[in-house]
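Below, each chain spelled out in residue letters.
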Amino acid sequence: MNKSSRFATFYLPFILIAVGIFLRFSHYLANRSFWLDEAWVALDLNHRSLLEIFTSENYIKPVPIGFALMCKMFRQLLGNYEYAFRLFPFLSAIVSLFLYYAFLKRVVSSLTVLLALGLFALCESFIYYAAELKYYSSDVMVTLLLFLLTVIFEQRGMKDFHMLILAIAGSLALWISHVAVFIFAAIAVTFGFLYWSRKKPKQLYKFLLIQSLWLVNFIIMYLVTFSKIESYHGLKKMWDVGFWPSPLWSLESAAWLKNALLGLLKDPAGLQFPLLGAFLFVLGFFHFLKTRCDRCMMMAIPILLVLVASVFRKYPFSGRVLVFLVPIVLLFIAEGITFIIEKKRKDYILAMLLVVLVFFYPIKNGLYYLRHPHVREDIRPVMLYLKERQQEGDSLYLNASARYAYWYYLQYYHFENSSKLEGVFTDELAYDDTGPFSYWFPVVSYHFNIMDYPLVEFLPGEVMRSVTEDFIRFQGPPRVWVLFTHCEPSLQQFILNGLHHTGQKIDEFHSEGVVLYLFDLRAS
């Protein structure tokens, strides 16, 4: 083996892994403020013991229990900091780089290894979710771990000890990642059919035993968690766009399927040219199917299963919940590029063009976010500003989605005294024949304690229209703070217009995705 081959085979993969670690670590070190979803999880974990994560009826439903336990453990060890809460997703993202490389080495050629690993290291979704208090990084880690263990053990003859390890790993995986159920099914179908077709009944029976253990574990998990998630209508409404519309044979369904598949390639896979990605994906899929049918089907089946689940409105085929499928997509795309390069060995221009088109935007985005880290809702400076300038007797109103981050950082910065939370607005305007209006919910009067978050109660919603009389209800305390984040601009303008009629704006503070206003109602 010459020096260039040795470099490409042994050193370049670890250089790509190092680049991936650097990009993820840089994003993690940026330590941005918690936004809505993260604050919701962090606040809930702060107010629950490890036991309550298992037993509480109103535990944060979409979050896997194992994931929550790991995040809670790091929070207990390291303190109530963003770094601590995000450490498990970050570690999952780093481990995933090594798992992906180990998996690729066993299933594809050295050129495909480099292409797929490069795309994986630079993928914006993987970098972003490496520093987010969400379970998408651990979804990827669990997916790759199950694939890798299955391939290793199958190559070694799937002995009894291997099956035991696979059974234990699979059972634990489901508690850390809900999407493991799709990976279980893919492995079961692929290798069940493989052992049956090769007439290996002994291996088949042992493998069925593993599946039965996974099934029992799934039933327990369903009763503990999944059944509660299904009853959470807010999630289903939010992800409605990701469910396959019926009837399946309609033009609407065909258009949905095309957009859903291309959407997977653009986000979360991060390809700027999804049509090119689709072409390379199909090419790579059929080439891989021809050379390694069993491996190919094991990786393709989860995509089909998620589509089937979307038909029954059990799992959406849209957006960030598909992050765990991205390693599969990138592998097939890399295999497609490899196929073209091998077929057109003398046409270096075509090969270089393909590589540039696929890699240009991931590299460009990676460099951009090194200089400008992702920020969604930077509420920390807003809360510090409020803490410094609030006065005794001030009141506060905010929109519904702002309350989680507000209350988390109220405790984070140890507010000894705080403006009294008087009411919460809905995040968007409603409309009827008389025009736009907002629902708002007055807060039950209570003696303030920043640790009382779970006990805060709201009175029944009231309608607030754009007439002055409706805004007079603000005229209790003279100084009123209003905090907006993660809401429609039209709602913000509606509330501000009403307050301008009943008072005078005397202060405001803006941060990325968050804005704070102070009104003096004595000036009306």
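Up top is the structure these notes are about.
The rules behind each value
Residues numbered from 1 in each chain as written. Predicted model: local features only at pLDDT ≥ 70, side-chain atom pairs only at ≥ 80, totals over all residues. Heavy atoms only, no water. Patch = residues over 30% accessible without salt bridge, like charges linked within 9 Å, V, L, I, M, F, W, Y side chains within 5 Å. Areas by Shrake-Rupley, 256 points an atom, 1.4 Å probe, with all protein chains shown as cover. Salt bridge = Lys/Arg side-chain N within 4 Å of Asp/Glu carboxyl O. Helix = DSSP H or I, 4+ residues; strand = E, 2+ residues; numbered from the N terminus. Pairing = 2+ DSSP bridges. Buried < 20%, exposed > 50% of the residue type's maximum accessible area, 1.4 Å probe, protein only. Polar contact = N/O pair within 3.5 Å; in protein donor to acceptor, adjacent residues only side chain to side chain. Contact = heavy atoms within 4.5 Å. Right-handed = clockwise from strand over helix to strand, strands pointing away. Phe/Tyr/Trp six-rings, centres within 6.5 Å; stacked < 30°, edge-to-face > 60°.

I'm lost on a nonpolar patch on the surface in this one. Help?
Together, Phe7, Phe10, Tyr11, Ile15 and Val19 give the surface a local cluster of nonpolar side chains, amounting to about 460 Å² of exposed area. Turning to its location among the elements, Phe10 is positioned in helix H1 (residues 3–30).

What is the right way to look at the pairing of strand S4 (residues 435–442) in this model?
Along any regular strand, the residues point their side chains to alternate faces of the sheet. Pairing geometry for strand S2 (residues 420–425) and S4, over three bridges, is antiparallel. Across the sheet, residue Phe425 finds its bridge partner in S4, namely Trp440. As paired strands, strand S3 (residues 430–432) and S4 are joined by three bridges and run antiparallel to one another. Pairing of Tyr431 across the sheet is with Pro436, part of S4.

Which parts of the structure should I look at to understand the side chain of Thr338?
Inspection of the secondary structure assignment puts Thr338 in helix H16 (residues 326–343). According to the relative accessible area criterion, Thr338 is buried, its value standing at 1%. Looking at Thr338, its side chain comes within polar contact range of the side chain of Thr112, at 2.8 Å. Excluding residues within four positions of it along the chain, Thr338 makes contact with Ser109, Leu111, Thr112 and Leu115.

Mind showing me how you'd approach unusual backbone geometry here?
Across residues other than glycine, the phi torsion is negative in most instances, and most of the peptide bonds are trans. Residue Pro247 is reached from Ser246 by a cis peptide bond, and omega for that bond is -5°. In this structure, Lys199 is a non-glycine residue whose phi angle is positive, near 55°. Residue position: Lys199 is located in the loop between helix H10 (180–197) and helix H11 (201–230). For Lys199, a relative accessible area of 71% corresponds to the exposed category. Look at Arg313: it is not a glycine, yet its phi comes out positive at around 60°.

Just to check I follow, could you spell out the pairing of strand S1 (residues 395–399) for this structure?
Of all five residues in S1, five are buried, a share of seventy percent or more. Both faces of S1 are covered, namely the face carrying Ser395, Tyr397 and Asn399 and the face carrying Leu396 and Leu398. Where S1 and S2 come together, five bridges link them in parallel fashion. Paired with Asn399 across the two strands is Phe425, which belongs to S2. Once the chain exits S1 it traverses helix H19 (residues 403–412) before rejoining the sheet at S2, and the crossover so formed is right-handed. Pairing of S1 with strand S6 (residues 479–485) involves four bridges; the strand directions are parallel.

Honestly, the packing of aromatic side chains in this entry has me stumped. Any pointers?
Each aromatic ring pair is characterised by the separation of its centres together with the angle its planes make. Applying the stated rule across the entire model yields 41 aromatic pairs. Considering the side-chain rings of Phe67 and Phe88, the 5.8 Å spacing of their centres and the 55° angle between planes classify their relative orientation as tilted. Within this pair, whereas Phe67 is found in helix H4 (residues 65–78), its partner Phe88 is found in helix H5 (residues 82–107), the two being separated by 21 residues in sequence. Note on accessibility: Phe67 and Phe88 belong to one class, buried. Plain terms: the ring middles of Tyr129 and Tyr136 are 4.9 Å apart, the flat faces sit at 70° to each other, and that makes the pair edge-to-face.

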